[in-house]
Amino acid sequence: MPSVMIRKDQAGKMTLYVPKKDLEETVVAIEHDSEDKWGGEFTLADGSAYYIEPLSEPPRLPITLRAKRAGEG
Amino acid sequence: MATMSRDEVESLIQEVLEVYPEKAKANRAKHLSPNDPELEQSKKCITSNKKSLPGLMTIRGCAYAGSKGVVWGPIKDMIHISHGPVGCGQYSRAGRRNYYIGTTGVNAFVTMNFTSDFQEKDIVFGGDKKLAKLIDEIETLFPLNKGISIQSECPIGLIGDDIEAVAKAKTKEHGKTVVPVRCEGFRGVSQSLGHHIANDAVRDWVLSARDEDDTFETTPYDVAIIGDYNIGGDAWSSRILLEEMGLRCVAQWSGDGTISEMELTPKVKLNLVHCYRSMNYISRHMEEKYQIPWMEYNFFGPTKTIESLRKIAAHFDETIQAKCEEVIAKYKPEWDEVIAKFRPRLEGKKVMLYIGGLRPRHVIGAYEDLGMEVIGTGYEFGHNDDYDRTLKEMGDATLLYDDVTGYEFEEFVKALKPDLIGSGIKEKYIFQKMGIPFRQMHSWDYSGPYHGFDGFAIFARDMDMTLNNPCWNKLQAPWKQTAESADAVAASA
């Protein structure tokens with residue numbers, strides 16, 4: 001259950017940063033990205049995926065959230 | 001090195017690793033790699049930020065060094081107590097040349113050493129009482145201090161002292177910020193964790209002090225310089241460029257900085273991060289909490305400086321952008337002259353670097369401006385994200401070495417035969433005795449500043465005077481010289 005920080009980089013792309021792993025990667029897909037539900041599985045550009053408990057609305061970025069490793073089964 | 005192919009570099013690494021036992025060899029192999037600028041992610045070629053192997057001569061420091069020596073130490077109007085035995089503070093005292101303005105011992109304290117000088121009885125009975133007494137003494141002797149930080153050395157964590165409780169009590173008693181920093185040397189694998197702990201201490205104990213107070217008059221052009229430790233005056237030569245552009249530098253973190261500047265940083269419009277490795281944590285925190293964007297910049301060498309100035313100006317309106325171009329135009333004749341003078345003397349020379357957490361990639365541009373080529377680089381305590389940023393800066397099949405050991409570094413130098421090495425004081429004399437020109441790149445070999453356009457002139461001069469120093473021809477005893485070299489001496493006379 002690492003803490004991850006989600007922010008928009010200078011080009012406006014959403015990135016996910018995992019401090020413990022020094023991993024900063026562009027988010028290529030979010031499972032739920034609508035006005036009333038935001039979160040779920042985040043797929044990153046390097047192929048890894050993290051699961052964040054869906055929020056009831058899109059948060060103000062950047063934000064630090066708890067994430068679970070997802071994907072790869 | 002252009003003359004060395006990827007395979008040759010690979011085989012060099014294998015050759016150097018040959019002397020290690022099987023396990024150590026497997027471990028070290030992951031930290032050494034030829035560069036591949038095509039890769040997006042460094043983790044595919046190099047491992048970093050891992051525990052150094054026992055028995056190998058690492059060049060790293062400890063968490064205390066990262067916190068007291070790097071992040072907290074340069075804050076000039078606070079007193080930083082080296083809490084624990086006397087040596088840690090004394091042997092690191094004033095070594096980093098963080099310049100500051102102030103009267104030392106009256107309202108500035110950077111080069112002084114404050115320590116609780118632990119003895120056996122403090123280890124046995126605990127040192128909290130001594131710490132409390134020490135803080136009271138500081139208040140009596142140095143009443144103009146603006147705050148105190150308690151930098152823990154190893155024993156504090158081992159015996160379980162409650163420095164937080166002392167800090168809270170003394171904050172109340174004296175009405176000044178007292179920050180306990182849990183940066184015991186044994187934490188983490190290098191000084192890098194010390195930076196992180198120091199950043200977290202700033203976040204928890206200092207940063208939010210003026211959140212409720214909006215008496216500070218802000219302008220739309222407020223910026224903070226983050227991660228510039230004013231080594232030899234670096235932050236000053238960066239700051240004048242930003243100010244000429246029309247920006248207002250509210251804070252310098254932490255070279256020549258003050259606690260009040262730190263408290264005001266949440267009010268700026270943009271954080272400019274020079275040392276990403278040591279200060280990205282606090283910048284990320286400020287982005288999240290105060291919505292202050294941050295950007296990395298690089299003020300080494302005119303090419304990178306111009307690039308960075310334009311990138312900074314792009315965050316502001318057109319007046320700043322126009323002024324930015326004016327500043328660049330103003331200094332152009334200056335650096336053109338520097339390049340015209342020194343480039344012919346340095347052209348084509350090869351450099352190997354091994355520095356801390358930022359310069360192994362940041363100074364590459366400055367060397368390239370002088371026509372020099374960086375053929376190998378590495379970090380003492382860089383993380384993956386540092387190497388991510390390095391891959392693109394370095395040429396194909398150049399050598400990357402992470403947490404290089406004394407032995408490996410020497411062997412690489414023997415094989416690659418660079419014309420100049422830039423590394424720390426521990427490496428300096430070994431390589432000088434091997435007859436290789438050397439610059440101590442942690443604190444600029446008692447020179448500096450190297451940042452900005454003014455700094456570039458000094459950088460170029462220093463590289464020239466080291467590389468082209470006549471002493472390098474004199475390393476061989478006269479009676480051992482061959483007829484050929486004697487003829488050369490005669491011809492030059």
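Scroll up a little and you will see the structure.
The rules behind the values
- Residues numbered from 1 in each chain as written.
- Chains lettered and ligands numbered in written order.
- Predicted model: local features only at pLDDT ≥ 70, side-chain atom pairs only at ≥ 80, totals over all residues.
- Heavy atoms only, no water.
- 1 Å grid on protein atoms, 1.4 Å probe; cavity = no way out; pocket = protein on both sides within 12 Å on 5 of 7 lines; lining within 4 Å.
- Points joined across faces, edges and corners; volume = space filled by probe spheres on them.
- Helix = DSSP H or I, 4+ residues; strand = E, 2+ residues; numbered from the N terminus.
- Nonpolar A, V, L, I, M, F, W, Y, C, P; charged D, E, K, R; others polar.
- Pairing = 2+ DSSP bridges.
- Axes fitted to C-alpha atoms, helices over the stretch in contact; angles between N-to-C directions.
- Patch = residues over 30% accessible without salt bridge, like charges linked within 9 Å, V, L, I, M, F, W, Y side chains within 5 Å.
- Areas by Shrake-Rupley, 256 points an atom, 1.4 Å probe, with all protein chains shown as cover.
- Salt bridge = Lys/Arg side-chain N within 4 Å of Asp/Glu carboxyl O.
- Lys, Arg positive; Asp, Glu negative; His and termini not counted.
- Charge placed at Lys NZ, Arg CZ, Asp CG, Glu CD.
- Buried < 20%, exposed > 50% of the residue type's maximum accessible area, 1.4 Å probe, protein only.
- Phe/Tyr/Trp six-rings, centres within 6.5 Å; stacked < 30°, edge-to-face > 60°.

Draft legend 1. Representation of the layout of surface pockets in the model. One number sums up the size of the second largest pocket: a volume of about 1100 Å³. Every residue lining the second largest pocket is counted, 29 residues in all, and those nearest its centre are D9, Q10 and E24 of chain A together with E296 and R389 of chain B. Put simply, the parts of the chain that give the lining of the second largest pocket at least two residues each are β3 (23–33) of chain A together with β9 (294–296), α13 (302–313), α15 (359–362) and α17 (384–391) of chain B. A per-class count over the lining of the second largest pocket returns five nonpolar, seven polar and 17 charged.

Draft legend 2. Expanded view of the sheet that holds strand β11 (residues 373–377) of chain B. Residues and elements named next belong to chain B. Strand order in the open sheet formed by six strands is β1-β12-β11-β10-β13-β14, and the pairing between neighbours is mixed. Both outer strands of the open sheet, β1 (32–34) and β14 (438–440), are each paired with one neighbouring strand and no more. Here the strands of the sheet are splayed against their neighbours by 25 degrees on average, with no regard to which way each runs. Looking at chain direction, β1 and strand β12 (residues 399–401) are connected through three bridges and run antiparallel. Bridge pairing in β12 links S33 to L400.

Draft legend 3. How the structure looks around a negative patch on the surface. Residue and element names in this part refer to chain A. Taken together, the side chains of D33, E35, D36 and E57 define an acidic patch exposed on the protein surface. Its location among the elements puts D36 in the loop between β3 and β4 (38–44). For D36, a relative accessible area of 58% translates into the label exposed.

Draft legend 4. Representation of the packing of aromatic side chains in the model. All names here are of chain B. All told, the structure shown has 23 aromatic pairs over all chains when counted by the stated rule. Plain terms: the ring middles of Y379 and Y387 are 4.8 Å apart, the flat faces sit at 75 degrees to each other, and that makes the pair edge-to-face. The burial state of Y379 is the same as that of Y387; both residues are buried. On the numbers, 5.0 Å between centres and 75 degrees between planes, the contact of F409 with F431 is edge-to-face. One end of the pair, F409, is in helix α18 (residues 406–416); the other, F431, is in helix α19 (residues 425–433), and 22 residues separate them in sequence. The class of F409 is buried, set by a relative accessible area of 1%. Taking relative accessible area as the criterion, F431 reaches 2% and is therefore assigned buried. Three or more aromatic residues joined by ring pairs form one cluster here, namely F300, Y367, W444, Y450, F456 and F459.

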